[in-house]
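Each chain, letter by letter, is given below.
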Amino acid sequence: MAFFKNDAPATKFDPASVNMVRDREREPATNGVVDKGVDKGVERPVKPEVRDRGDYQRDNRDREKENAVHPPPRAGPKPSRTSAKELDGYVGFANLPNQVYRKAVKKGFEFTLMVVGESGMGKSTLINSLFLTDLYNEHEYPGPSHRIKKSVNIDTAQVLLKEGGVTLRLTTVDTPGFGDAVDNSNCWQPVTDFIDNKYDEYLNQESHVNRKSNMSDNRVHACLYFIAPTGHGLKPLDVEFMKRLHEKVNIIPLISKADTLTPEECRNFKKTILNEIAQHKIKIYEFPDCDDEEENKLQKKLKERVPFAVVGSNTVIQVDSKKVRGRQYPWGIVQVENLEHNDFLALRNMLIRTHMQDLKDVTNNVHYENFRYSKLAVVTDGKVKNTGSKDPLTQMQDEKKEHVSKMKKMEAEMEQVFEMKVKEKKQKLKDSEADLQRRAEQMKKSLEQQEKELEQKRAQFEKEKESWEEQQRAEDMRRQSSMETLDGGKKPKDKKKGLF
């Protein structure tokens, strides 16, 4: 991994760097959990509330002031408030920061960075420029014209970086296909599901009976949201996406390809974006408060550059016998690491050198705690139970009464549903019976009608038969009479013929 001269890593231990490697604070959870008193053994309910960045900072300031004035007393029957005392000799606990530093360096660090924006915004190029490595090369990750997809996918890439003996396991999360479809409805849903799944995985690791001492932290610590350099403000998709995610992750807005804007256009565009963010009540990452004047000055300079207008480049150009990353244009060269040209250097200093640990702390103490509270809080009818100041027996009796009344209500509802179903079944049976009777009557009438028609046809047939028989008898008689008449006229002639 190559470095520039002004980026040479310092190998000497700096006590201020302890803030970057301090362990995660483990405070007792107050998310609707009953707090048991140590002295009286009485359960004291704690009112749950959703935490934000302001609460986290106020807790730290109050704790520091309290420890400065009255250090935490030792456990005992009668705790006493004692002031800090300076020792005459050397004891050795001043070496604790060095122990923490060595332990943290040996363990290494983890950081997950998500980049979200439309295709062609320069997300991959910016990641390569931030960490001075080809995390997204041209062979494994083709250009945006070849990677445009109809749906939003989540692609993760992990790389182990080493600098000055310190290892960083960097995980980048890319969202190809975001905002590229004709209909972008709910295109943020895969992103929110991914963040919630990582929170859920970490919560499951914490909830195991045998927890690992070195749990892997794959939670998303920062989200770089790329805004198109239109100069006209935020798009509706930008507003909706940040409103959906501002309570789940630290959002850092960026203006991509800032070299397409003039300095005046860039300043006006930043003001417009900040006004729209405040108008829509979007919570972006806030810099922590500091007591040191020099740090406050640095914080103020960083705040003035938000949203960061950045330019990324993987090309190294020779400028005045010095190799720099930049972009060559007919009118000149845009240097990536020049604050007069863009805010890339300020973004890298904030994201990696000064505020990486704070991003992880805010993720753990604010966003993850809110997610954990929503998962573990006891919810009844959409509201959190408020036990008040009741003792455990009264609380158990009330819960039992509530359970009995709930069961009775459920039983009444089930009986009502059963009666309704029985009525519906009876009505269906009645309707089917009436339908069968109606069809039977129709068939009976039809049979009777057919029987009458058959009787009429039979009677007509009998009449025709009788008339035909009469005609036959009359014709037989007429034929017989005619035969007799013929026989009577022929006999005398035969007699005469017989005389001869």
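Here, the structure is the one placed above.
Residues numbered from 1 in each chain as written. Predicted model: local features only at pLDDT ≥ 70, side-chain atom pairs only at ≥ 80, totals over all residues. Heavy atoms only, no water.

### Re the pattern of salt bridges
Here is step 1: If you walk through the whole model with that rule in mind, you get 14 salt bridges.
Here is step 2: For the salt bridge of Lys 235 with Glu 118, the shortest nitrogen-to-oxygen distance reads 3.3 Å. Here Lys 235 is found in the loop between β6 (222-227) and α7 (236-245), whereas its partner Glu 118 is found in the loop between β3 (109-116) and α4 (123-131), with 117 residues between them in sequence.
Here is step 3: Here Arg 348 ties to Glu 337 by a salt bridge, and the two come within 3.1 Å at their closest N and O atoms. Of the two residues, Arg 348 sits in helix α10 (residues 344-354) while Glu 337 sits in the loop between β11 (332-335) and α10, which places them 11 residues apart along the sequence.
Here is step 4: With a relative accessible area of 18%, Glu 337 lands in the buried category. (Salt bridge = Lys/Arg side-chain N within 4 Å of Asp/Glu carboxyl O. Helix = DSSP H or I, 4+ residues; strand = E, 2+ residues; numbered from the N terminus. Buried < 20%, exposed > 50% of the residue type's maximum accessible area, 1.4 Å probe, protein only.)

### Remarks on a nonpolar patch on the surface
Here is step 1: A cluster of nonpolar side chains, Leu 87, Val 91, Phe 93 and Leu 96, forms an exposed patch at the surface whose accessible area comes to about 420 Å².
Here is step 2: Counting through the fold element by element, Leu 96 comes out in helix α3 (residues 96-107). (Patch = residues over 30% accessible without salt bridge, like charges linked within 9 Å, V, L, I, M, F, W, Y side chains within 5 Å. Areas by Shrake-Rupley, 256 points an atom, 1.4 Å probe, with all protein chains shown as cover.)

### Concerning the sheet that holds strand β9 (residues 316-318)
Here is step 1: Strand order in the open sheet made by the 3 strands is β9-β10-β11, with antiparallel pairing throughout. Edge positions in the sheet fall to β9 and β11, since each of these pairs with one other strand and no more. Going across the sheet, the axis of each strand differs from the next one's by a mean of 70°, ignoring polarity.
Here is step 2: Relative to β11, strand β10 (residues 323-329) runs antiparallel, the two being bridged by 4 bridges. Of the residues in β11, the one forming a bridge with Arg 327 is Val 334. (Pairing = 2+ DSSP bridges. Axes fitted to C-alpha atoms, helices over the stretch in contact; angles between N-to-C directions.)

### Notes on the environment of His 246
Here is step 1: Mapped onto the fold, His 246 is located in the loop between α7 and β7 (251-255).
Here is step 2: Measuring from C-alpha to C-alpha, the distance between His 246 and Tyr 285 comes to 8.6 Å, with 39 residues separating the pair along the chain.
Here is step 3: Here the side chain of His 246 touches Lys 243 through a polar contact of 3.3 Å, landing on its backbone oxygen.
Here is step 4: Here the side chain of His 246 touches Lys 283 through a polar contact of 3.1 Å, landing on its backbone nitrogen. (Polar contact = N/O pair within 3.5 Å; in protein donor to acceptor, adjacent residues only side chain to side chain.)

### A short note on a negative patch on the surface
Here is step 1: A cluster of like negative charges, contributed by Asp 291, Asp 292, Glu 293, Glu 294 and Glu 295, occupies part of the molecular surface.
Here is step 2: Exposure remark for Asp 291: the relative accessible area of 72% places this residue in the exposed category. (Lys, Arg positive; Asp, Glu negative; His and termini not counted. Charge placed at Lys NZ, Arg CZ, Asp CG, Glu CD.)

### Looking at the packing of aromatic side chains
Here is step 1: All chains considered together, the criterion is met by 8 aromatic pairs.
Here is step 2: Note on Tyr 199 and Tyr 368: the rings are 6.0 Å apart at their centroids and 55° apart in plane angle, and the pair reads as tilted. In this pair, Tyr 199 is assigned in helix α6 (residues 189-207) and Tyr 368 in helix α11 (residues 356-376), connecting sequence segments 169 residues apart. This pair shows no difference in class: Tyr 199 is buried, exactly as Tyr 368 is. (Phe/Tyr/Trp six-rings, centres within 6.5 Å; stacked < 30°, edge-to-face > 60°.)

### Considering empty space enclosed by the protein
Which parts of space are left empty comes out when a probe the size of a water molecule is rolled across the atoms.
Here is step 1: Counted under the stated rule, the structure contains 2 cavities of 30 Å³ or more.
Here is step 2: Taken as a whole, the second largest cavity encloses approximately 30 Å³ of empty space.
Here is step 3: Across the lining of the second largest cavity, the residue classes break down as 1 nonpolar, 3 polar and 3 charged. (1 Å grid on protein atoms, 1.4 Å probe; cavity = no way out; pocket = protein on both sides within 12 Å on 5 of 7 lines; lining within 4 Å. Points joined across faces, edges and corners; volume = space filled by probe spheres on them. Nonpolar A, V, L, I, M, F, W, Y, C, P; charged D, E, K, R; others polar.)

### Looking at the pairing of β10
Here is step 1: The pairing of β9 with β10 spans 3 bridges and is antiparallel. Within β10, the residue paired with Ile 317 across the bridge is Val 324.
Here is step 2: Turn length for the β9-β10 hairpin, with the two strands adjacent in sequence and antiparallel, is 4 residues, and the turn residue Asp 320 shows positive phi of about 55°.
Here is step 3: Two successive antiparallel strands, β10 and β11, enclose a turn made up of 2 residues.

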